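Spelled out, the chains give:
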Amino acid sequence: MENQITSDSSASVLTELNDYYHSRHGAIAESLNIFIQAGLKEAFLRFGLKLNILEVGFGTGLNALLTFQEAGRHHMDIWYTTIELHPVSPDLINYTLYAKASGFPEHENVLQRMHELPFNVAGEISPSFVLEKRFIDVRNFSDSPYRYHLVYYDAFAPAVQPEMWEDEIFNRIHDTMAPGGILVTASTELLVRQALTSAGFSLELIDLPLSAGQVLRAVRK
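Numbers given for residues are sequential positions, taken from 1 along each chain in its written order. Totals for whole chains, interfaces and linings use all residues, but because this is a predicted model, local features are given only for residues with pLDDT of at least 70 and pairs of side-chain atoms are given and counted only at 80 or more. For side-chain calculations, the full set of non-hydrogen atoms in the structure is used, while hydrogens and water are omitted.

**What to know about unusual backbone geometry**
Moving on, step 1. Despite not being glycine, histidine 75 shows a phi value in the positive range, around 60°.
Moving on, step 2. Taking relative accessible area as the criterion, histidine 75 reaches 66% and is therefore assigned exposed.
Moving on, step 3. At tyrosine 146, a position not held by glycine, the phi torsion is positive, near 65°.
Moving on, step 4. In this text, helices come from DSSP runs of H or I with a minimum length of four residues, and strands from runs of E with a minimum of two, each type numbered from the N-terminal end. Among the structural elements, tyrosine 146 can be located in the loop between strand E6 (129-134) and strand E7 (148-153). Buried, partly exposed and exposed residues are distinguished by accessible area as a fraction of the type maximum, computed with a 1.4 Å probe on protein chains only: under 20%, between the cut-offs, and over 50%, respectively.

Next comes the structure, spelled out in structure tokens:
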């Protein structure tokens, strides 16, 4: 794995799959547009200040960090569960760079605590933000029904990691979500849309700013 500085002065990490955890054109902007703007803000409007969030693919921890920051702005109470079977080495995370690029240089220690928290243990990052990292294959994931208000599906693209986009995975996730719960993902491919529709989601394609493509938002029926 190796780091690459992106156009917004944050960093992306090249993996052994020869793909990047974030856009090389702007890691912060990508995560803000897809997961915060299309996901977290919409879930806040639907469900209020207390949210259970599931992230598939913890990766560099950037989505969790940005969620922590947005939640702090609005005094949200977040329980954040994330699934990761192939953790990034903490040595590859430039905590200072990510914190500074996100506009909160004082949050360097927040991201570091997120990475140092042991797997399969829920820990407080702050009194209103609990993080639980699960070391598990998403294909074996299960949880209480109707628990999650919001899902960040941040797996690598189907062409890189096709096993992460199987129908059964979305069926499992659907069963853990609250009615009206939201799933957001950067992948808008037909096979992804078909799998989500088959699992019982209604779909919406949202245009990203500056012609940067689209994000797929799926709502649990």
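**So, the nonpolar core**
Taken as a class, soluble globular proteins show a tendency for nonpolar side chains to be buried jointly.
Moving on, step 1. Nonpolar cores are built from buried Ala, Val, Leu, Ile, Met, Phe, Trp, Tyr and Cys residues. Side-chain atoms within 4.5 Å join them into one set. The biggest cluster of nonpolar side chains holds 39 residues, and the ones touching the most others in it are Met114 and Tyr152.
Moving on, step 2. If you tally residues by element for this core, the top one is helix H1 (residues 27-47), at eight residues.
Moving on, step 3. Grouped together as the second largest cluster of nonpolar side chains are 23 residues, Phe141, Tyr153, Trp165 and Ala218 included.

**Observations concerning the confidence of the model for the protein chain**
Moving on, step 1. Predicted confidence across the protein chain gives a mean pLDDT of 88, with 88% of residues reaching 70 or more.
Moving on, step 2. Predictor confidence is given residue by residue as pLDDT, running from a minimum of 0 to a maximum of 100. The contact criterion used is simple: two residues touch if any of their non-hydrogen atoms lie within 4.5 Å. Every residue in residues 1-25 scores below 50 in pLDDT, and together they form 82 contacts with partners more than four places removed in sequence or on other chains.

**Focus: helix H4 (residues 108-116)**
Moving on, step 1. Val110, Leu111, Met114 and His115 are the residues of H4 that are buried. All buried residues of H4 project into a common sector of 135° when viewed along the axis, lining one side. Note that the arc is computed from the directions linking the helix axis to the C-beta atoms.

**Quick notes on the pattern of salt bridges**
Moving on, step 1. A pairing counts as a salt bridge when a side-chain nitrogen of Lys or Arg comes within 4 Å of a carboxyl oxygen of Asp or Glu. Enumeration according to the criterion identifies nine salt bridges in this entry.
Moving on, step 2. The salt bridge partner of glutamate 204 is arginine 217, with a shortest N-O separation of 3.0 Å. A residue pair is termed long-range when its members are at least 10 positions apart, and glutamate 204 in strand E9 (residues 201-207) and arginine 217 in strand E10 (residues 214-220) qualify at 13 residues.
Moving on, step 3. Residue class for arginine 217 comes out buried when judged on its relative accessible area of 10%.

**What about the packing of H1 against helix H2 (residues 62-74)?**
Moving on, step 1. Relative to each other, H1 and H2 sit at 55°, their axes nearing to 10 Å. Relative to H2, the element H1 is oriented oblique. As H1 runs across H2, the sense of the crossing is right-handed. Contacts between H1 and H2 involve Ala27, Ile28, Ser31, Leu32, Phe35, Ile36, Leu40 and Lys41 from the former and Leu62, Asn63, Leu66, Thr67 and Glu70 from the latter. Note on method: axes are straight lines fitted to C-alpha atoms, helices fitted across the in-contact stretch only, with angles between N-to-C directions ranging 0 to 180 degrees. The labels follow the angle: roughly parallel below 35 degrees, roughly antiparallel above 145, roughly perpendicular from 65 to 115, and oblique for the rest. We call a crossing left-handed when the near helix sits turned anticlockwise from the far one by less than a right angle, and right-handed when that turn is clockwise.

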